[in-house]
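Breakdown of the fold
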Amino acid sequence: AADKAAADKAAADKAAADKAAADKAAADKAAAESAESSFRGLDVRGEWDLVNTHTTNQARVNIEQSNTYITAIISAQGNNYIPVGQVRFKGDYNANPFAVTVQRAYPGFTNPYWESGLAVVQDINNIFISAKTGNLTLKRSTPMVAPTEPAAPSETGTSTTIPSTNAAFVPYPITRRIDPSPKAAPGEQAPSADFLKKIQDAYAKLPDEVKQLLRENGYVITVAKAPWLAEEQHAFGYADKKDQTIHVFETTLDDADQTILAKDFYDDFGEILTHEVGHALDFILGLTTDPKFVEAWKKDIDFLNQDNLLKEFVGGEGGGKRAFTNEELQFGIPKGALETAAELMSYILGSTEEVAEHVKNASDNTYQYLKGKMLW
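Residues numbered from 1 in each chain as written. Predicted model: local features only at pLDDT ≥ 70, side-chain atom pairs only at ≥ 80, totals over all residues. Heavy atoms only, no water.

1. Section: the sheet that holds strand β2 (residues 60–66)
Note the threshold: By definition, two strands form a pair when at least two bridges between them are found by DSSP. Helical segments are the DSSP runs of H or I of at least four residues, strand segments are the runs of E of at least two, and each set is numbered from the N terminus. In this description, a line fitted to the C-alpha atoms serves as the axis of each element, helices being fitted only across the stretch in contact, and the angle between N-to-C directions of two axes falls anywhere from 0 to 180 degrees.
Spatially, β1-β2-β3-β4-β5-β6-β7-β8 is the arrangement adopted by the eight strands of the closed barrel, whose pairing is antiparallel. Across the sheet, the mean angle from the axis of one strand to that of its neighbour is 30 degrees, orientation sign disregarded. Looking at chain direction, strand β3 (residues 69–76) and strand β4 (residues 87–92) are connected through five bridges and run antiparallel. Bridge assignment links T71 to a residue of β4, and that residue is K90.

Here is the structure:
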């Protein structure tokens, strides 16, 4: 009898616990549905400029909105990938951020496909969309001003201004918790399988802390046969600060605009990636914005100039000047300081290229500064 009573009590206790868990799940679901139903977003209808698409002609989209569902259609200046009249992205704006699907295609609008993305309406004039193969940044073509609170009804009974959102503020760039590992750039000439694998292998060797920084700051890595943007010419890699994209190329152009191959320039293809990751980490951590960094770099300029290998090494946007000692400004920072930081980060991340070792040996003040900032 005692055993039966104990068993009955255990069964009753389990039933009560199961009911409590079910009640809590139902309450949580109801709270989430209530929060979603009470969400009040901004009116995003109208013309928007895509300000960082990979084309010389910036596309414009018209956003149509039906209740909470929005559709963005290319309305002017389409490109070789997505022409005028095609949907660029669409989604249900029932929260902020909210899920969207983004249309991609290959040149000539061939083999179009859709991929998932995450959009955030930052304010009445700015929308940011993250997706697996790249970001979209939209700015309203004709900026509008929104009040901090919903406008009072006018005498005609309708609001003449656009209400503000009650969604939580999400800073730019919004975190894209996706896999940033290197992939062939969509819509561009594909690299060789061997080159792509070596870049992927180099990525796999990066410290987990570095991969996490890239992932949490929305960076993606694309690999292509050759550069396609003007600012990427004459380089095997390019870290796009605005677009949170690291581009790696198997070929590029020399000073005479003749094609050169990475295999003829690098013993370690991973150096291309680690150098550009170095730039990305600089953008994320603000390394070169610290006056102490620039002070350390200036102490090293003479040593960098005296190194026989580095005297001949030119690159970046230096216009023929030595890449690591160029004092022209970019982002308000000497270009040479930016390149030295990236190359030292490349060395710290395991580059075996001779140039990385030479930069390290010739810039001890800068190297010690960076080593003191690393968390891995």
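2. Comments concerning the side chain of N326
How we decide: A simple rule labels every residue: compare its accessible area, found with a 1.4 Å probe on the protein chains alone, to the largest value its type can have, and call it buried under 20%, exposed over 50%, or partly exposed in between. Polar contact is the term for a pair of N or O atoms within 3.5 Å; when the atoms are in protein, one must be able to donate a hydrogen and the other to accept it, and sequence-neighboring residues count only if both atoms are side-chain atoms.
By the secondary structure assignment, N326 is in the loop between α6 (308–312) and β15 (329–330). Under the relative-accessibility criterion, N326 is labelled buried at 3%. There is a polar contact of 3.0 Å between the side chain of N326 and the backbone nitrogen of E328.

3. Things to note about the nonpolar core
Rules: Definition of nonpolar core: a set of buried residues of the types Ala, Val, Leu, Ile, Met, Phe, Trp, Tyr and Cys, connected through side-chain atoms within 4.5 Å. The criterion used for residue contact is that any of the two residues' heavy atoms lie within 4.5 Å.
Among the nonpolar cores identified, the biggest contains 48 residues, and V248 and V277 are the most heavily contacted of them. Setting aside residues up to four positions removed in sequence, V248 forms contacts with F195, I199, I221, T222, V223, A224, F236, G237, I272 and L273. Ranked by size, the runner-up nonpolar core spans 27 residues in total, among them L50, A59, A72 and L136.

4. Digging into the pairing of strand β7 (residues 126–131)
Counting buried residues in β7 gives six out of six residues, a clear majority hidden from the surface. Here β7 shows no split at all, with N126, F128 and S130 on one side and I127, I129 and A131 on the other all buried. Sheet topology places strand β6 (residues 110–123) next to β7; six bridges connect them, and they run antiparallel. Residue pairing in the sheet places V121 in a bridge with I127 of β7. Linking β6 back to β7 in an antiparallel pair, the connection comprises two residues. Sheet topology places β7 next to strand β8 (residues 136–140); four bridges connect them, and they run antiparallel. Bridged to F128 within β8 is T137. Linkage of β7 to β8, two consecutive antiparallel strands, is achieved through a turn of four residues, within which G134 is found at a positive phi near 145 degrees.

5. A few points about the environment of K298
Looking at the secondary structure, you find K298 in helix α5 (residues 291–306). The exposure class assigned to K298 is partly exposed, which follows from its relative accessible area of 49%. Linking K298 and E327, residues 29 residues apart in sequence, is a C-alpha distance of 9.4 Å.

6. Topic: the pairing of β8
Of all five residues making up β8, four are buried, and the element is well covered by its neighbours. Across three bridges, the pairing between strand β1 (residues 46–50) and β8 is antiparallel. Residue pairing across strands places W48 opposite R140, the latter belonging to β8.

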